[in-house]
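What follows is each chain in one-letter form.
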Amino acid sequence: MKTESFRLPENVRPINYNLFFEVDLKKFKFSGKEIIYLNILKPTSKIILNARDLEIKNAFLSYDKKSIKTKVRLENEKELLKLTFNKYIKGQVKLYLEFIGKLTDSLVGFYRSKYFLNKRKKFLATTQFEAPYARRCFPCFDEPQYKSTFDVTIKIDKNLKAISNMPIKEEHIERNKKIVKFYRTPRMSTYLLYIGVGDFEFLEDKLGKTTIRIVTTPGKRNQGRFALELTKKFLSYFQEYSGIAYPLPKLDMIALPDFAAGAMENWGAITFREIYLLFDPKMTSTTIKKRIAMIIAHELWHMWSGDLVTMKWWNDLWLNESFATFMAYKAVDHFFPEWNMWEDFINDETERAFTDDCLKSTHPIEVEVKNPNQIEEIFDAISYSKGGSILRMLEGYMGEELFRKGVSKYLSDNKYGNATSEDLWNSLSKVSDKPIKKIAESWIKQPGYPLVESELKDGKLILKQKRFVPDHIDNKQWYIPLIIKTNDKLLVELLDKPKKELSLGSSEWFKINYGQIGFYRVKYPDENLSKLKFLISSKTLPPLDRWGIQNDLFELSVNGDVDLDKYLDFVRTFYNEDNYLVLRDIYQNIRNIYFVYSQEQFWNSIWSKLKNYHKETFQKILERLGWEPKKDESQKDTLLRELAIRYLAFIEDAEVLRKGKEKFEYYLKTRKLHPDVKSPVFYMMAANGDEKIYKTLLELYLKTKSPEEKRILLIALSQFKNPEILKKFLDFSLSQKVRTQDLVIVFSSVASNPRSRTVLLPWLKKNWKKIKTYEKSGKLFVNLLEAFIAAHVGKENEIKQFFAFHPVKYKMTLERAFEKLHRISSWAERNKEVLIQYFS
């Protein structure tokens, strides 16, 4: 396929869609009629729009008060509907279409979602149109630049309720059916349209004149109270920050039993997985409580950046997602400063983006999209997390208030329209005298990120930059805002060339990227690294900087710049560490070492020493905090307790395993176990469990109604060491007992278990036909591919050969996943002897 051959011609512009749907939840189908009001800019005898998996029953044009018949050709693979007619027309035209579609279980387009009420299976219908999925519900100009207004009418069973982006204008009963008509939407892109049909419950409130509703399946409305309060807080904050009032009269927050993503920013009708909207004090952990806040804030900022102002084309997806990522942390931090959200940002966003962006096969933030499959593939760490990290870096360089003014100008100048990266840089540049555009474009338009190498000579700090990839293969250059802390000064500089010298005078030590605001890694000379050790052990350096030094050093070893023993020696410095972010990263790094080496013959002798590395650190934390959360304790302590139990269970600490078993047995009798210790307890039971424990955990999974508890149990069930149990669990995951949306949890968790290395590929070969059916679910299938490939350290050729004989359409995903696998396998091979020598 030639580049951009799937793009629509720009000659035909939609103005308004008048849509009528009749939804049948018994036969899982829908029929539709639409009138699209078009403006044809140049004379043409054909109209091309998007459609897929629809049966077109009728199509004709109304032009100059005359009806014009059309020839219809649906090219399903290209997702195009081509209409041709026997005369050239121009100007205002009405296109009439009738069509039929199926309510599938694919989680994209117009699909069905099941739930249980009084043990009876029920269904609702809902939509997911991002990225290119509106075309699976109705023929349309399914590109973000073709903004239109929408008039939606839905015909449903009279006992059901209907939801769309706008409030209901009128409804009436016609025989046994209900006809629901909604007010016209503002101009918006097709992917933001929403249609929902079901037996919904509502929890309602107001913010000013805006009606806010939490929407749930029956019996769950009261679990929406926390989300309702958060929605009011964040909506108010974003109105004030942007200087623009929320543009719609209502806002629905809709909890869905089946949903592929975390949430979706349909304008005025935001959809969520139940786990990320509903809060149950008895069942919801602190981690998920924070996640609920983050996802609500992320989606609400989209009401401005994404919905009011929309990227012109998917190459600028980051304008939507990076902004929402960054602004969510700002909003949550504003209301909950004690949650230390910027520590979460570093761990969940910056580190995630570092991992993907150090690959040769990464892509720029502003990325060329060559086919529809790539639209689905770019909803990744680069578009979300790297972009968010760059915005954080720019805000740090400009200052918060100037950055806010620039963002407000960008939104105001482009509201109800489309924008590009250039529009953002222009708005930011107009409020600042700094070279914002030059800096930003060096980060947005090229892939990867820099390594800043440092050397101190005669009071001068010599800095060099090069791309952080294996072998440092190219000479890309960035404009890098630097914040450098020394014992006697704080320097703010711009590294705008390959090499630069700065005077440090008599400074004794230096820490580059102070506050970890910059998106780059740092390599220190040994002498300075030694001096930083004292600042770490004495906690003179703040937690973010303690995290950054050790995290960079570990990744330098993975990249091939230093050997692993250098990291292992350095990390001993953290013997008295008590910060959650830092300890979580150290745990993850040790777990990574375990993951790549634990199936090697030499491992046992090494593990007996390595697992004691930070044993005392975590034991002290658990001794101080105890197993039972205390009333009104800090969130820091809640998370540290869970981490300490998890780490000590991971290293097979006998006392923790004994206590965990005791807690588990008590839970089986009473169903009482605090949600913040439930996950590590279930994990340790599975990791050290047998067939009996497997059956017990499986029964718990089948009986629980809590989405979070189901998630915890799926993760635990993936951690058994017995290959036969793992095979049973994998088989079970493809049954109707596991929701399609949760398959990513299953396979990513199984992939993290090194025992799956002998199980997963044979199982995949046996079940590929079933797995391949999920390709229709877009991003979900992309995530499955990444999990399958990640598991096979040391088996690169076998997994490559499998996909050579079983091709998939997501080529970019395969390339990146195989490079990640090669990178981690090379690191393991390179450091095998280093590890043996270090522990000998």
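This text gives an overview of the structure that appears in the document. No experiment lies behind these values; they were computed from the predicted model shown. (Residues numbered from 1 in each chain as written. Predicted model: local features only at pLDDT ≥ 70, side-chain atom pairs only at ≥ 80, totals over all residues. Heavy atoms only, no water.)

Here we take up the nonpolar core. Grouped together as the largest cluster of nonpolar side chains are 303 residues, with contacts concentrated most on Phe-138, Phe-234, Trp-314 and Phe-747. Among the elements that make up this core, the one with the highest residue count is helix H13 (residues 580–597) (twelve residues). Here Phe-234 is in contact with Ala-293, Ile-296, Ala-297, Leu-300, Ala-331, Val-332, Phe-335 and Phe-336, once residues within four sequence places are set aside. (Core = buried A, V, L, I, M, F, W, Y, C linked by side-chain atoms within 4.5 Å. Buried < 20%, exposed > 50% of the residue type's maximum accessible area, 1.4 Å probe, protein only. Helix = DSSP H or I, 4+ residues; strand = E, 2+ residues; numbered from the N terminus. Contact = heavy atoms within 4.5 Å.)

What follows is about the environment of Ser-389. The topology assignment puts Ser-389 in helix H6 (residues 381–398). Its relative accessible area of 2% is what places Ser-389 among the buried residues. For Ser-389 and Phe-323, which are 66 residues apart along the polypeptide, the C-alpha to C-alpha distance reads 9.7 Å. Apart from the residues lying within four places of it in its own chain, the contact partners of Ser-389 are Phe-345, Glu-349, Thr-350, Ile-517 and Phe-519. Here the side chain of Ser-389 touches Thr-350 through a polar contact of 3.2 Å, side chain to side chain. (Polar contact = N/O pair within 3.5 Å; in protein donor to acceptor, adjacent residues only side chain to side chain.)

Here we take up empty space enclosed by the protein. Taken as a whole and judged by the stated rule, the model has four cavities of 30 Å³ or more. Roughly 140 Å³ of volume is contained in the second largest cavity. Looking at the second largest cavity, it is lined by 13 residues, and the ones nearest its centre are Tyr-594, Tyr-683, Ala-687, Lys-721 and Arg-755. A per-class count over the lining of the second largest cavity returns six nonpolar, three polar and four charged. (1 Å grid on protein atoms, 1.4 Å probe; cavity = no way out; pocket = protein on both sides within 12 Å on 5 of 7 lines; lining within 4 Å. Points joined across faces, edges and corners; volume = space filled by probe spheres on them. Nonpolar A, V, L, I, M, F, W, Y, C, P; charged D, E, K, R; others polar.)

We now examine the sheet that holds strand E24 (residues 490–495). Pairing within the open sheet is antiparallel, and its three strands lie in the order E24-E23-E26. Two strands in the sheet have a free side with no partner beyond their single neighbour: E24 and strand E26 (510–512). Averaged over neighbouring strand pairs, the angle between their axes works out to 25° when direction is ignored. Pairing geometry for strand E23 (residues 480–486) and E26, over three bridges, is antiparallel. Among the inter-strand pairings, Lys-485 is bridged to a residue of E26, identified as Lys-511. (Pairing = 2+ DSSP bridges. Axes fitted to C-alpha atoms, helices over the stretch in contact; angles between N-to-C directions.)

Where strand E9 (residues 149–157) lies against strand E12 (residues 177–182), five bridges are found, and the strand directions are antiparallel. Bridge pairing links Lys-155 to Ile-179 in E12. Taken together, the six bridges between strand E11 (residues 168–174) and E12 define a ladder with antiparallel strand orientation. Paired with Glu-170 across the bridge in E12 is Lys-181. Hairpin connection between E11 and E12: a loop of two residues separates the two successive antiparallel strands, and Arg-175 in this loop has a positive phi of roughly 60°.

This paragraph deals with unusual backbone geometry. The phi dihedral of Asn-340 falls on the positive side, at around 50°, and the residue is not glycine. Mapped onto the fold, Asn-340 is located in the loop between helix H3 (317–335) and helix H4 (341–357). What makes Asn-340 partly exposed here is its relative accessible area of 36%. For Arg-671, which is not a glycine, the phi torsion comes out positive at approximately 60°. Mapped onto the elements of the fold, Arg-671 is located in the loop between helix H17 (654–670) and helix H18 (675–687).

Tallied over the full model, the rule gives 70 aromatic pairs. Taking the centre distance of 5.3 Å and the plane angle of 50° together, the rings of Tyr-191 and Trp-314 count as tilted. Pair noted here: Tyr-191 is in the loop between E12 and strand E13 (195–198) and Trp-314 is in the loop between strand E19 (309–311) and H3, with a separation of 123 residues, a long-range link. Comparing Tyr-191 with Trp-314, the two get one shared label, buried. Relative to Trp-342, the ring of Phe-326 has its centre 5.9 Å away and its plane inclined at 45°; by these criteria the two rings are tilted. Linking Phe-326 in helix H3 with Trp-342 in helix H4, this pair joins segments that are 16 residues apart in sequence. What makes Phe-326 buried here is its relative accessible area of 0%. Each member of the aromatic cluster is reached from another via a ring pair, and the members are Phe-234, Tyr-237, Phe-238, Tyr-241, Tyr-246, Trp-301, Trp-304, Phe-323, Phe-335 and Tyr-410. Across from the ring centre of Phe-28, 4.3 Å away, lies the NZ or CZ of Arg-112, which sits over that ring. Cation over ring: Arg-521 sits above Phe-468, and NZ or CZ is 5.7 Å from the ring centre. (Phe/Tyr/Trp six-rings, centres within 6.5 Å; stacked < 30°, edge-to-face > 60°. Lys NZ or Arg CZ within 6 Å of the ring centre and 35° of its normal.)

What follows is about the pattern of salt bridges. What the rule picks out here adds up to 62 salt bridges. For Glu-577, the salt bridge identified is with Arg-546, shortest N-O distance 2.7 Å. Of this pair, Glu-577 sits in the loop between helix H12 (564–570) and H13 while Arg-546 sits in helix H11 (residues 543–559), placing them 31 residues apart in sequence. For Glu-577, a relative accessible area of 3% corresponds to the buried category. One salt bridge connects Glu-829 with Lys-832, and the closest N-O pair in it is separated by 3.7 Å. According to the relative accessible area criterion, Glu-829 is exposed, its value standing at 54%. For Lys-832, a relative accessible area of 19% corresponds to the buried category. One continuous salt-bridge network, built from bridges that share partners, spans Arg-52, Asp-53, Glu-79, Arg-135 and Asp-142. (Salt bridge = Lys/Arg side-chain N within 4 Å of Asp/Glu carboxyl O.)

We now examine the packing of helix H23 (residues 760–772) against helix H24 (residues 779–790). The relative placement of two packed helices is expressed as an angle between their axes plus a distance between the axes. One can describe the packing of H23 onto H24 by two numbers: an axis separation of 13 Å at closest approach and a directional angle of 170°. One way to sum up the angle between H23 and H24 is to call them roughly antiparallel. Pair H23 / H24 crosses with left-handed handedness. In contact with Leu-760, Leu-764, Trp-768, Ile-771 and Lys-772 of H23, H24 contributes Phe-781, Leu-785 and Phe-788. Here the contact of H23 with H24 is composed, by residue class, of seven nonpolar, no polar and one charged. (Parallel < 35°, antiparallel > 145°, perpendicular 65-115°, else oblique. Left-handed = near helix turned anticlockwise from the far one by under 90°.)

That's the geometry; what it means functionally is another story.
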